[in-house]
Amino acid sequence: MTAVHPPRRRKVPVRQILCLLPLLLVAVVAVQHRSVLAEGFGHLRSAEWPWLLAAAGATCLTWVAAAVTRQGAVVDRLPLRRLLATQFAAGSANHLLPTGLGASAVNLRFMAVCGVPLARSSAALALYLLAESVARLGLLAVLLIAFPHALRIGTLLPEGALGPLLLVIGGVAVVAAGALLLVRRLRTAVFSFLRTALCEARSVHTRPARALALWSGSLAFPALQAAGLVLVGLALGLPIPPAHMALAYLAATVAVALVPTPGGLGSVEAALIVALVAAGGPAALATAVVLAYRIITVWLPLLPGALTLGALVRLKVI
């Protein structure tokens, strides 16, 4: 008699699971923040649509600025269309994982597929983050000098919070320095990475086109983000000068960078509302502006970005 074997179970490809994972995460995050979404869409209905369309356009340009900066941070020529699509997908991943890990992972994988060695792609990522941070802080400093009384700084931090915050930052710095001094393997890895990063930075800055792309994109990215908030504020009639709104945005995003939440969900909203109130806006209207702004910049692109991410995984672009 011929033995009868049970039918084999068909294995689900890992790549197919990875394609569906972003959509599942989007659904989970959307359910968790459904009240915020409902309130934000309610405010959008009463806004002036030309300003909102302009805000959506500024949001789209942030992906172009990110792509320009990413290209400027690496000597190798990256495929332009795939690079731009990757930044759109990375924006979605960035709102699903803490502290920019999603975008960093997507871009590291993209550069690996493009043939950039891991050491150099990691150095390029560090250079990108450094340039974007320097540009953001530089824009904030310029606006603070130009409009020194735009924000009531005392209202940005709870009373007595500055001391503990400085203690935490100092403690983290001491622990990091101690680990470098005591753990030889860690010290070797860090110094090796720094040498690679410095070599990559020198190579980039010997090419004027790369250096221009790096720093112009780094400046354009936070400027376009701030412009998006300003345009939403104009759409809803927020009684704050546009430059003060931009200053409030930059101050809030610099402050919230220390809070490791996925895409800043929750922390960014709170910080932006506090900053707009500190700039002289009514609390209720500032809340409406922030919710509408986050709908345009986070929630509307989230599902298309997740679909793009799944498609890029399926096509082996990342």
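For the structure itself, consult the block above.
The following paragraphs examine the structure supplied in this document. (Residues numbered from 1 in each chain as written. Predicted model: local features only at pLDDT ≥ 70, side-chain atom pairs only at ≥ 80, totals over all residues. Heavy atoms only, no water.)

**Brief notes about the nonpolar core**
In this structure, V232, L272 and L276 are the most contacted members of the largest nonpolar core, which totals 46 residues. Formed by 30 residues, the second largest nonpolar core is a distinct cluster that contains A67, V75, A103 and I318. (Core = buried A, V, L, I, M, F, W, Y, C linked by side-chain atoms within 4.5 Å. Buried < 20%, exposed > 50% of the residue type's maximum accessible area, 1.4 Å probe, protein only.)

**Quick word on the packing of aromatic side chains**
What the rule picks out here adds up to two aromatic pairs. Their ring planes at 65 degrees and their centres at 4.7 Å tell us that W63 and F88 sit as a pair that is edge-to-face. With W63 in helix α3 (residues 49-72) and F88 in helix α4 (residues 80-94), this pair connects stretches of sequence that are 25 residues apart. With centroids separated by 6.0 Å and ring planes inclined at 75 degrees, the aromatic side chains of Y249 and Y293 adopt a geometry described as edge-to-face. Remark: Y293 occurs in helix α12 (residues 283-314) and Y249 occurs in helix α10 (residues 242-256); sequence separation between them is 44 residues. Here the two residues Y249 and Y293 agree in accessibility, since each one is buried. (Phe/Tyr/Trp six-rings, centres within 6.5 Å; stacked < 30°, edge-to-face > 60°. Helix = DSSP H or I, 4+ residues; strand = E, 2+ residues; numbered from the N terminus.)

**Re the packing of helix α5 (residues 101-113) against helix α6 (residues 118-146)**
Helix packing geometry: the angle between the two helix axes and the distance between the axes. At a minimum axis distance of 9 Å, the contact between α5 and α6 shows a crossing angle of 140 degrees. Considered as vectors, α5 and α6 are oriented oblique to each other. Once α5 is placed against α6, the crossing between them reads as right-handed. Of the residues in α6, those touching α5 at S104, L108 and M111 are S121, S122, A124 and L125. Here the contact of α5 with α6 is composed, by residue class, of four nonpolar, three polar and no charged. (Axes fitted to C-alpha atoms, helices over the stretch in contact; angles between N-to-C directions. Parallel < 35°, antiparallel > 145°, perpendicular 65-115°, else oblique. Left-handed = near helix turned anticlockwise from the far one by under 90°. Contact = heavy atoms within 4.5 Å. Nonpolar A, V, L, I, M, F, W, Y, C, P; charged D, E, K, R; others polar.)

**Observations concerning the packing of helix α11 (residues 267-278) against α12**
With their axes 9 Å apart at the nearest point, α11 and α12 run at an angle of 140 degrees to one another. Our classification of the angle between α11 and α12 gives oblique. The handedness of the crossing between α11 and α12 is right-handed. Between α11 and α12, the contacting residues are V268, E269, L272, I273, L276 and V277 on the first element and A283, A286, T287, V289, V290, Y293 and R294 on the second. Taken together, the residues of the contact of α11 with α12 sort by class into 10 nonpolar, one polar and two charged.

**Overview of the pattern of salt bridges**
A side chain with one charge may pair with a side chain of the opposite charge, provided their charged atoms come close. For the structure shown, the criterion picks out four salt bridges. R136 is the salt-bridge partner of E132, the closest N and O atoms lying 2.6 Å from each other. Placement of both E132 and R136 in helix α6 is noted, with a separation of four residues, approximately one turn of the helix. For the pair formed by E132 and R136, the shared burial category is buried. Across the pair R294 and E269 runs a salt bridge, and its minimum N-O distance is 3.2 Å. Here R294, found in helix α12, pairs with E269, found in helix α11; they are 25 residues apart in sequence, far enough to count as distant. Judged by relative accessible area, which is 11%, E269 ranks as buried. Taken together, the shared-partner salt bridges connect D76, R120 and E200 into one network. (Salt bridge = Lys/Arg side-chain N within 4 Å of Asp/Glu carboxyl O.)

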